[in-house]
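Residues per chain are reported as follows:
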Amino acid sequence: MSDAIRAVILGIIEGVTEFLPVSSTGHLLLAERFFHLGEGAFWDSFTVLIQLGAILAIVGLYFKKLWDVVIGFFTGDTYSRRFVLGVLVAFLPAVIVGLVAGKYIKSVLFNPWVVCFTLIVGGAILLWVDKLDLKPREHDATRFPLLMYLYIGIAQCVAMIPGVSRSGASIVAAMFLGADKRAAAEFSFFLAIPTMIGAFAYDFYKNRSEMTMDHMGIVAIGFVVSFITAIIVVKTFLEYVTRHGFVVFAWWRVIVGTLGLIALALGR
């Protein structure tokens, strides 16, 4: 398989799974394990770098709302400044945990067995949450209370375990804290912006000396594919989850995790 085709496939996986509560990292690790996609140091960086494409899809889709926040921040709008502070507060726990335990998590937990188990457990949790009769009080992701932003950020740290899902952890936490499904999903998108940009900048800086022009071309392919795919998925996901909830994504997690465990048990 050529590197260009591999980049397209991984770009599609990234774009489809980054904002769904199914774990993009988990799916990329399983794709590497079972289909021999993305093996090697460069491909480890590749899967981090192309996340920026998915993030830019969010910036594009929410450009007006984000631009209004930026303008409001500099013109003294209280709600805009509080939202920016809220995103930073939610982002901070992941930074701290990443600095303290990031290397340990990656060396110990990044394996397909962990991914499959966490996919199944996360799916069961989504099924349970979807059946709860929660009474949402918050309907605008830009106007959550500051403590709510902090608690969502703490919950997001659990997603450093591959297979948990960053978006899934933040969505479930937001719903338990009083957000409706749409607002919970939208804040998971907004929180992804600093989280993924930070991961992109760190990985690019760390591996910049090893990036050749050929490598950059492959990254560009994955970047564009993940950008286009993420735009389609996010627009569809918001409408779907508002009407139908998370059952489909929960069962997807359970099925993928179960098939993965069977394959691992068979020595595949």
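For the protein chain, an unreviewed UniProt entry supplies the name Undecaprenyl-diphosphatase and the organism Bradyrhizobium ottawaense. Word for word, the UniProt comment on the protein chain under Subcellular location (unreviewed entry) is "Cell membrane". According to the UniProt record, the Function (unreviewed entry) comment for the protein chain is "Catalyzes the dephosphorylation of undecaprenyl diphosphate (UPP). Confers resistance to bacitracin."

J.: How do you make sense of the pattern of salt bridges when you look at a structure like this?
T.: Side chains that differ in sign of charge can pair as their charged atoms come close. Applying the stated criterion across every chain, the model contains 7 salt bridges. Residue aspartate 68 pairs with lysine 64 through a salt bridge whose shortest N-O separation is 3.1 Å. Of this pair, aspartate 68 and lysine 64 are both found in helix H5 (residues 63-75), 4 residues apart, which corresponds to roughly one turn of the helix. The class of aspartate 68 is partly exposed, set by a relative accessible area of 38%. Among the charged side chains, a salt-bridge network with shared partners connects Lys65, Arg182, Glu186 and Glu239.

J.: Even after reading the chapter, I still don't get the UniProt feature "transmembrane region" (unreviewed entry) in the protein chain, so can you show me in this structure?
T.: Here, UniProt's "transmembrane region" (unreviewed entry) annotation points to residues 7-30, 42-63, 83-104, 110-129, 149-177, 183-205, 217-238 and 250-267. This span, residues 217-238, is 100% helix and 0% strand, and a straight line between its end C-alpha atoms measures 32 Å.

J.: Explain the packing of helix H1 (residues 3-17) against helix H2 (residues 24-35) here, please?
T.: Packed helices, taken two at a time, are described by their axes: the angle between them and the distance between them. In the contact formed by H1 and H2, the axes pass within 9 Å of each other and the chain directions differ by 155°. When the axes of H1 and H2 are compared, the pair comes out roughly antiparallel. H1 and H2 meet at a crossing whose hand is right-handed. Of H2, the residues touching H1 (which contributes Leu10, Ile13, Glu14 and Thr17) are Ser24, His27, Leu28 and Ala31.

Thresholds, definitions, all that
Throughout, a residue's number is its position along its own chain's written sequence, starting from 1. Reporting in this predicted model follows two pLDDT cut-offs: at least 70 for local features of residues, and 80 or more for side-chain atom pairs to be given and counted; totals over whole chains, interfaces and linings ignore these cut-offs and use all residues. Side-chain descriptors were evaluated using all non-hydrogen atoms of the structure, hydrogens and water having been removed beforehand. UniProt positions are given in the numbering used here, feature names are shortened, and annotations may be inferred rather than shown by experiment. The term salt bridge refers to a side-chain nitrogen of Lys or Arg lying within 4 Å of a carboxyl oxygen of Asp or Glu. Strands here mean DSSP runs of E at least two residues long; helices mean DSSP runs of H or I at least four residues long; both are numbered from the N terminus. Throughout this description, buried means an accessible area under 20% of the type-specific maximum (1.4 Å probe, protein chains only), exposed means over 50%, and partly exposed covers the range between. Structural elements are reduced to axes, namely lines fitted to C-alpha atoms, with helices fitted over the stretch in contact, and the angle between N-to-C directions of any two is expressed from 0 to 180 degrees. In what follows, roughly perpendicular refers to angles from 65 to 115 degrees, roughly parallel to angles under 35, roughly antiparallel to angles over 145, and oblique to any angle outside these ranges. Crossing handedness: left-handed means the near helix sits turned counterclockwise from the far one by under a right angle, and right-handed means the same turn made clockwise. Note on definitions: a residue-residue contact is assigned when non-hydrogen atoms from the two residues lie within 4.5 Å.

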